[in-house]
Amino acid sequence: MEPRVFDKVLIANRGEIALRIHHACKEMGISTVAVHSTADSDAMHVRLADESVCIGAAPASESYFNTAALLTAATITNADAIHPGYGLLSENADFAEMVSEHGFVFIGPSADHIRMMSDKITAKHTMKRLGVPVVPGSDGAVKDAAAARRLSDAMGYPVLVKASAGGGGRGIKIAESADDIGTAFATAQSEAKAYFGNDEMYIEKYLGRPRHIEIQVLADSHGGVIHLGDRDCSLQRRHQKVLEEAPSPALNAEQRDQIGAQVVEAVGTLGYLGAGTLEFLYENGAFYFIEMNTRLQVEHPVTEMITGIDIVREQIRIAAGAELSYAQDNITFTGHAIECRINAESPVTFTPSPGRISYYHPPGGLGVRIDSGIYAGYVVPSYYDSLIAKLIVHGKTRNEAIMRLRRSLHEYVIEGVETTIPLHQLLCENADFVNGDYDIHWLENFVGPEDQPHAR
Ligand code: ADP
């Protein structure tokens, strides 16, 4: 038996990811503390955790973002460490700092690294300096629409106006020509100000047919840095990922090793600690860095399925000061994995569909994994993100994974709320998807123009 690295971990999140972290903790012999809002008292992560603390009212701003309540919960339950999951406070450098100032271990990178990467201009500068290829664009911030226009005229259209503090696809606008740049700049900037309280903007060349390919890394405090290969997350709607797969059907082993080695070197030089993901656009054989996420990703299971590595377990071990359990040479990529994000929303209009789940039957069998906290009788609250389950399949080949995905989606029954299962069913029957022939704009065309019911 391995020695226990922590006695107790508080999970500062909800939904499927809280449960995912609970799983890793229990398998490491660690006790768990769940936190929840008044709307989540019946949630599965609360039921399964060893202890739970109600930290506030239903709106996330009053509970899951309530740092004082979270730190109090950690204090009264005598937790050793706090895992932030993804979203919520996971990329909030001030929170990471507060956690350590209060004597708890933050399961994630240093506040400095979070801060560096949450500012996308700094992140791009840093990666460029470390020899990682970035998307061509402005060298730093662009102060106003006139400056944006001068730069874009020189660079050539179309361009993207992006918020340095952006995230979740917010604060990004395209300018097709010089006529659009004024409006694009103004709308992106006001969105950035409203959502992030920061209106610093920059310009990037708009790539016409790229794929979104990202590299998962893990780094410990002993100089160990490894990459766990790539994920293809090109199937997106409104810059939000819908279906992810590993490995990318567009890369060969040589390209994977090459970008992986480049990323490992950069992350090592940075002295980064924990799990992280470098996101790239990939077009015509070239990679262009766009951002680094300093946390666990929603789509981490596809990497776990092809490597057999429990990423959350490694995160916890690293935070406790242990060495990585693996060296790069031990890592092999076996088969193919695909993840479908199942949201409680209309598969046609994408309007949220909260409510009571009246019947629930998840698929199972060889190579099928469900990460979800829902059950029959569970009420999907209207306050949070609509992700209710992730269906992940693994097969020896991509084709086997697709066949497994089709049968699993066919078996998956969720009644009482609308879900995006029918959209995934259509997707995995589609010839372009089956051929791996898609880019980041493909899904938007497939589901039809924004806010329009899609014609298929
Ligand atoms: P966010 O942090 O909001 O997710 P990103 O910078 O990661 O913002 O971009 C989100 C998505 O927008 C990307 O996955 C990609 O689909 C698209 N995108 C970003 N930059 C470009 C670009 N230069 N050209 C074309 N598409 C882009």
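Residues numbered from 1 in each chain as written. Predicted model: local features only at pLDDT ≥ 70, side-chain atom pairs only at ≥ 80, totals over all residues. Heavy atoms only, no water.

*Asks:* For this particular structure, what's the right way to read the site of the ligand?
*Replies:* Around the ligand lies a shell of 22 residues, among which Lys120, Gly169, Lys205, Gln236 and Glu291 are the nearest. Within the contact set of the ligand, a nitrogen atom lies 3.0 Å away from a backbone nitrogen or oxygen of Leu207. Glu279 places a side-chain nitrogen or oxygen 3.4 Å from an oxygen atom of the ligand. Elements with a contribution of two residues or more to the shell around the ligand: strand 6 (159-167), strand 7 (170-175), strand 8 (201-205), strand 12 (274-283) and strand 13 (286-293). The biggest single contributor to the shell around the ligand is strand 6, with four residues. For the shell around the ligand, a count of residues per class yields eight nonpolar, seven polar and seven charged. Split by domain, the residues of the shell around the ligand number at least three in each of domain 2 (136-205) and domain 3 (211-447). (Near = heavy atom within 4 Å. Polar contact = N/O pair within 3.5 Å; in protein donor to acceptor, adjacent residues only side chain to side chain. Helix = DSSP H or I, 4+ residues; strand = E, 2+ residues; numbered from the N terminus. Nonpolar A, V, L, I, M, F, W, Y, C, P; charged D, E, K, R; others polar. Domains from an automatic or database assignment.)

*Asks:* Would you explain the packing of helix 1 (residues 15-27) against helix 11 (residues 311-319) in this entry?
*Replies:* How two helices sit against one another is set out by the angle between their axes and by the gap between those axes. Running from N to C, helix 1 and helix 11 cross one another at 65°; their axes reach a closest spacing of 9 Å. In this structure, the crossing between helix 1 and helix 11 has a hand that is right-handed. The residues of helix 11 that touch helix 1, namely those facing Arg20, Ile21, Ala24, Cys25 and Glu27, are Ile311, Val312, Arg313 and Ile316. (Axes fitted to C-alpha atoms, helices over the stretch in contact; angles between N-to-C directions. Left-handed = near helix turned anticlockwise from the far one by under 90°. Contact = heavy atoms within 4.5 Å.)

*Asks:* Any chance you could explain the sheet that holds strand 11 (residues 240-246) here in plain terms?
*Replies:* Adjacent strands of a sheet pair through backbone hydrogen bonds, lying either parallel or antiparallel. Pairing within the open sheet is antiparallel, and its eight strands lie in the order 13-12-9-10-11-14-19-17. Here the strands that pair on one side only, and so sit at the sheet edges, are strand 13 and strand 17 (368-372). Shown here is a sheet whose adjacent strand axes are inclined to one another by a mean of 25°, direction ignored. One ladder, built from seven bridges, connects strand 12 with strand 13; its direction is antiparallel. Counterpart to Thr277 in the pairing with strand 13 is Asn293. Helix 9 (residues 253-270) contacts strand 9 (211-219), strand 10 (225-237), strand 12 and strand 13 of the sheet and is inclined by roughly 115° relative to strand 10. Against the sheet, helix 12 (residues 398-411) makes contact with strand 11, strand 14 (336-343), strand 17 and strand 19 (387-395), and its axis sits at roughly 140° relative to strand 19, the strand it touches most. (Pairing = 2+ DSSP bridges.)

*Asks:* It is not clear to me how the packing of aromatic side chains should be interpreted in this structure. Could you clarify?
*Replies:* Within a pair of aromatic rings, the relevant descriptors are the distance that separates the centres and the angle that separates the planes. Scanning the entire structure with this criterion turns up eleven aromatic pairs. Considering the side-chain rings of Phe280 and Phe289, the 6.1 Å spacing of their centres and the 75° angle between planes classify their relative orientation as edge-to-face. Here Phe280 falls in the buried class, since its relative accessible area comes to 0%. Its relative accessible area of 0% is what places Phe289 among the buried residues. Between Tyr282 and Phe287, the ring centres sit 4.8 Å apart and the planes meet at 50°, which makes this aromatic pair tilted. (Phe/Tyr/Trp six-rings, centres within 6.5 Å; stacked < 30°, edge-to-face > 60°. Buried < 20%, exposed > 50% of the residue type's maximum accessible area, 1.4 Å probe, protein only.)

*Asks:* Got a minute to help me understand the pairing of strand 7 in this structure?
*Replies:* Here is the key point about a regular strand: its side chains alternate between the two faces of the sheet. As paired strands, strand 6 and strand 7 are joined by five bridges and run antiparallel to one another. Looking across to strand 7, one finds that Gly167 is bridged to Arg170. What sits between the antiparallel neighbours strand 6 and strand 7 is a turn of two residues, in which Gly168 has the positive phi angle 65°.

*Asks:* Help me understand the confidence of the model for the chain in this model?
*Replies:* In low-pLDDT regions, the fine details of the predicted coordinates are not to be read closely. Per-residue confidence for the chain gives a mean pLDDT of 96; residues scoring 70 or more make up 98%. Scored below 50 in pLDDT, residues 451-456 shows 17 contacts in the model against residues more than four places distant or in partner chains. (pLDDT = per-residue confidence, 0-100.)

*Asks:* What is the right way to look at the side chain of Asn13 in this model?
*Replies:* Inspection of the secondary structure assignment puts Asn13 in the loop between strand 1 (8-11) and helix 1. Take Asn13: its relative accessible area is 3%, and that puts it in the buried class. Setting aside anything within four residues of it in sequence, one finds Asn13 in contact with Ala18, Val35, His45, Tyr64, Pro84, Gly85, Tyr86 and Leu88.

*Asks:* What is the right way to look at the domain arrangement of the chain in this model?
*Replies:* Where interface size is quoted, it is often the accessible area lost as the parts come together. For the chain, the domain assignment lists domain 1 (8-107), domain 2 (136-205) and domain 3 (211-447). The straight-line distance from the C-alpha centre of domain 2 to that of domain 3 is 29 Å. Contacts between domain 2 and domain 3 engage six residues on the former and four residues on the latter. On inspection of domain 2 and its partner domain 3, the count reaches zero salt bridges. Counting across the interface, domain 2 meets domain 3 through zero residue pairs in polar contact (both at pLDDT 80 or more). A per-class count over the side of domain 2 that touches domain 3 returns two nonpolar, two polar and two charged. (Salt bridge = Lys/Arg side-chain N within 4 Å of Asp/Glu carboxyl O.)

*Asks:* Could you clarify how one ought to interpret the sheet that holds strand 4 (residues 81-83) in this entry?
*Replies:* Taken together, five strands build an open sheet; the order of strands is 3-2-1-4-5 and the sheet is parallel. Each edge of the open sheet is held by one strand with a lone partner, namely strand 3 (51-56) and strand 5 (105-106). With four bridges connecting them, strand 1 and strand 2 (residues 31-37) associate as parallel partners. Directly across from Leu10, in strand 2, lies its bridge partner Val33. Strands in contact with helix 3 (residues 67-76) are strand 1, strand 2, strand 3 and strand 4; relative to strand 3, the strand with the most contacts, it is inclined by about 155°.

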